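Next come the chains, spelled out residue by residue.
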Amino acid sequence: MDARLFILWMMMEIMIHLIFYILNKTMIQAIKEDKAPALSLGDVLKGVLERLFLIVGILAGYPHVITAFGALKIGTRIKNGERISNDYFLVGNLISILGALIVVIISKSFS
(Lines give C-alpha, C1' and ligand atoms only; values in the text may rest on other atoms or scores of the structure.)
Protein backbone atom coordinates (compact mmCIF):
# COMPACT_ATOMS: atom_id res chain seq x y z
CA MET A 1 0.00 0.00 0.00
CA ASP A 2 1.29 3.42 -0.91
CA ALA A 3 2.32 5.40 2.21
CA ARG A 4 0.19 8.35 1.09
CA LEU A 5 -2.88 6.14 0.82
CA PHE A 6 -2.24 4.72 4.30
CA ILE A 7 -1.88 8.23 5.76
CA LEU A 8 -5.03 9.35 3.95
CA TRP A 9 -6.93 6.35 5.33
CA MET A 10 -5.72 7.07 8.87
CA MET A 11 -6.73 10.74 8.57
CA MET A 12 -10.19 9.66 7.34
CA GLU A 13 -10.58 7.31 10.30
CA ILE A 14 -9.66 10.05 12.78
CA MET A 15 -12.07 12.51 11.14
CA ILE A 16 -14.91 9.97 11.13
CA HIS A 17 -14.42 9.19 14.82
CA LEU A 18 -14.45 12.90 15.63
CA ILE A 19 -17.65 13.34 13.60
CA PHE A 20 -19.27 10.43 15.44
CA TYR A 21 -18.25 11.94 18.77
CA ILE A 22 -19.84 15.27 17.89
CA LEU A 23 -23.02 13.75 16.43
CA ASN A 24 -23.53 11.35 19.31
CA LYS A 25 -23.82 13.80 22.18
CA THR A 26 -27.36 12.56 22.79
CA MET A 27 -26.18 8.96 22.67
CA ILE A 28 -23.34 9.74 25.07
CA GLN A 29 -25.83 11.39 27.43
CA ALA A 30 -28.05 8.29 27.23
CA ILE A 31 -25.03 6.13 28.07
CA LYS A 32 -24.27 8.29 31.12
CA GLU A 33 -27.88 7.90 32.22
CA ASP A 34 -27.56 4.13 31.68
CA LYS A 35 -30.30 4.15 29.02
CA ALA A 36 -28.16 2.87 26.15
CA PRO A 37 -25.26 0.45 25.78
CA ALA A 38 -21.80 2.00 25.53
CA LEU A 39 -19.79 1.59 22.36
CA SER A 40 -17.14 -1.04 22.75
CA LEU A 41 -13.76 -1.45 21.10
CA GLY A 42 -15.40 -4.12 18.95
CA ASP A 43 -17.90 -1.56 17.63
CA VAL A 44 -15.09 0.82 16.70
CA LEU A 45 -13.09 -1.94 15.01
CA LYS A 46 -16.19 -3.06 13.12
CA GLY A 47 -16.55 0.45 11.68
CA VAL A 48 -12.89 0.48 10.64
CA LEU A 49 -13.33 -2.90 8.96
CA GLU A 50 -16.44 -1.72 7.12
CA ARG A 51 -14.66 1.31 5.68
CA LEU A 52 -11.59 -0.75 4.80
CA PHE A 53 -13.86 -3.21 2.97
CA LEU A 54 -15.42 -0.36 0.99
CA ILE A 55 -12.09 1.27 0.14
CA VAL A 56 -10.47 -1.95 -1.01
CA GLY A 57 -13.51 -2.94 -3.08
CA ILE A 58 -13.81 0.42 -4.78
CA LEU A 59 -10.06 0.71 -5.44
CA ALA A 60 -10.13 -2.78 -6.93
CA GLY A 61 -12.77 -1.59 -9.40
CA TYR A 62 -15.77 -3.28 -7.82
CA PRO A 63 -18.27 -0.57 -6.87
CA HIS A 64 -20.80 -3.35 -6.26
CA VAL A 65 -19.28 -3.75 -2.79
CA ILE A 66 -21.42 -0.78 -1.78
CA THR A 67 -24.58 -2.73 -2.63
CA ALA A 68 -23.29 -5.83 -0.85
CA PHE A 69 -22.31 -3.77 2.18
CA GLY A 70 -25.75 -2.14 2.35
CA ALA A 71 -27.53 -5.48 2.00
CA LEU A 72 -25.44 -7.02 4.76
CA LYS A 73 -26.07 -4.12 7.11
CA ILE A 74 -29.81 -4.10 6.44
CA GLY A 75 -29.95 -7.83 7.04
CA THR A 76 -28.46 -7.36 10.49
CA ARG A 77 -30.98 -4.66 11.42
CA ILE A 78 -34.32 -6.10 10.32
CA LYS A 79 -35.53 -6.93 13.85
CA ASN A 80 -34.64 -3.55 15.37
CA GLY A 81 -37.35 -0.93 14.90
CA GLU A 82 -36.13 1.75 17.31
CA ARG A 83 -35.92 5.20 15.72
CA ILE A 84 -32.66 6.20 17.42
CA SER A 85 -31.00 2.98 16.36
CA ASN A 86 -32.26 3.35 12.79
CA ASP A 87 -31.09 6.98 12.58
CA TYR A 88 -27.70 6.03 13.97
CA PHE A 89 -27.53 3.14 11.51
CA LEU A 90 -28.33 5.40 8.55
CA VAL A 91 -25.88 8.14 9.55
CA GLY A 92 -23.16 5.60 10.30
CA ASN A 93 -23.50 3.92 6.95
CA LEU A 94 -23.56 7.18 5.05
CA ILE A 95 -20.44 8.39 6.84
CA SER A 96 -18.68 5.08 6.15
CA ILE A 97 -19.52 5.16 2.44
CA LEU A 98 -18.67 8.85 2.18
CA GLY A 99 -15.32 8.31 3.91
CA ALA A 100 -14.48 5.45 1.57
CA LEU A 101 -15.44 7.44 -1.51
CA ILE A 102 -13.36 10.42 -0.40
CA VAL A 103 -10.31 8.20 0.06
CA VAL A 104 -10.83 6.68 -3.40
CA ILE A 105 -11.28 10.07 -5.07
CA ILE A 106 -8.19 11.54 -3.40
CA SER A 107 -6.13 8.42 -4.05
CA LYS A 108 -6.93 8.63 -7.77
CA SER A 109 -5.35 12.09 -7.79
CA PHE A 110 -2.06 10.47 -6.71
CA SER A 111 -1.81 8.72 -10.08
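Residues numbered from 1 in each chain as written. Predicted model: local features only at pLDDT ≥ 70, side-chain atom pairs only at ≥ 80, totals over all residues. Heavy atoms only, no water.

A. Just the overall build of the chain, in detail. In terms of helices and strands, the chain carries five helices and zero strands. Reading the chain from its N end, one meets helices and strands in the order α-α-α-α-α. In the chain, which comprises 111 residues, the share counted as buried stands at 29%. Considering only intrachain contacts with a sequence separation of at least 6, the fraction spanning at least 24 residues in the chain is 70%. Put simply, the chain shows about 7800 Å² of open surface, and 72% of that area lies on carbon and sulfur atoms. (Helix = DSSP H or I, 4+ residues; strand = E, 2+ residues; numbered from the N terminus. Buried < 20%, exposed > 50% of the residue type's maximum accessible area, 1.4 Å probe, protein only. Contact = heavy atoms within 4.5 Å. Areas by Shrake-Rupley, 256 points an atom, 1.4 Å probe, with all protein chains shown as cover.)

B. Structural detail: the side chain of Ser96. Within the element layout of this structure, Ser96 appears in helix 5 (residues 83–109). Judged by relative accessible area, Ser96 falls into the buried class, the value being 2%. Apart from the residues lying within four places of it in its own chain, the contact partners of Ser96 are Glu50, Arg51 and Leu54.

C. Representation of the nonpolar core. Counting 16 residues, the largest nonpolar core has Trp9, Met12, Ile16, Leu54, Ile55 and Val103 as the members making the most contacts within it. Those elements that provide at least two residues to this core are helix 1 (3–23), helix 3 (41–59), helix 4 (65–77) and helix 5. Here this core takes six residues from helix 1, the largest share from any one element. With sequence-adjacent residues up to four places away left out, Met12 is seen in contact with Arg51, Ile55, Gly99, Ala100 and Val103. (Core = buried A, V, L, I, M, F, W, Y, C linked by side-chain atoms within 4.5 Å.)

D. How the structure looks around the side chain of Ser107. Checked against the element boundaries, Ser107 lands in helix 5. Here Val104 takes part through its backbone oxygen, which lies 2.9 Å from a polar atom of the side chain of Ser107. Those residues in contact with Ser107 that sit more than four places away from it in its chain are Leu5, Leu8 and Leu59. (Polar contact = N/O pair within 3.5 Å; in protein donor to acceptor, adjacent residues only side chain to side chain.)

E. Expanded view of the layout of surface pockets. By volume, the second largest pocket amounts to about 200 Å³. What lines the second largest pocket is simply Leu8, Met11, Met12, Met15, Ile16, Ile19, Ile95, Leu98, Gly99, Ile102, Val103 and Ile106. Going through the elements one at a time, helix 1 and helix 5 are the ones with two or more residues in the lining of the second largest pocket. Tallied by class, the residues present in the lining of the second largest pocket amount to 11 nonpolar, one polar and no charged. (1 Å grid on protein atoms, 1.4 Å probe; cavity = no way out; pocket = protein on both sides within 12 Å on 5 of 7 lines; lining within 4 Å. Points joined across faces, edges and corners; volume = space filled by probe spheres on them. Nonpolar A, V, L, I, M, F, W, Y, C, P; charged D, E, K, R; others polar.)

The analysis is restricted to geometry; functional conclusions fall outside its scope.
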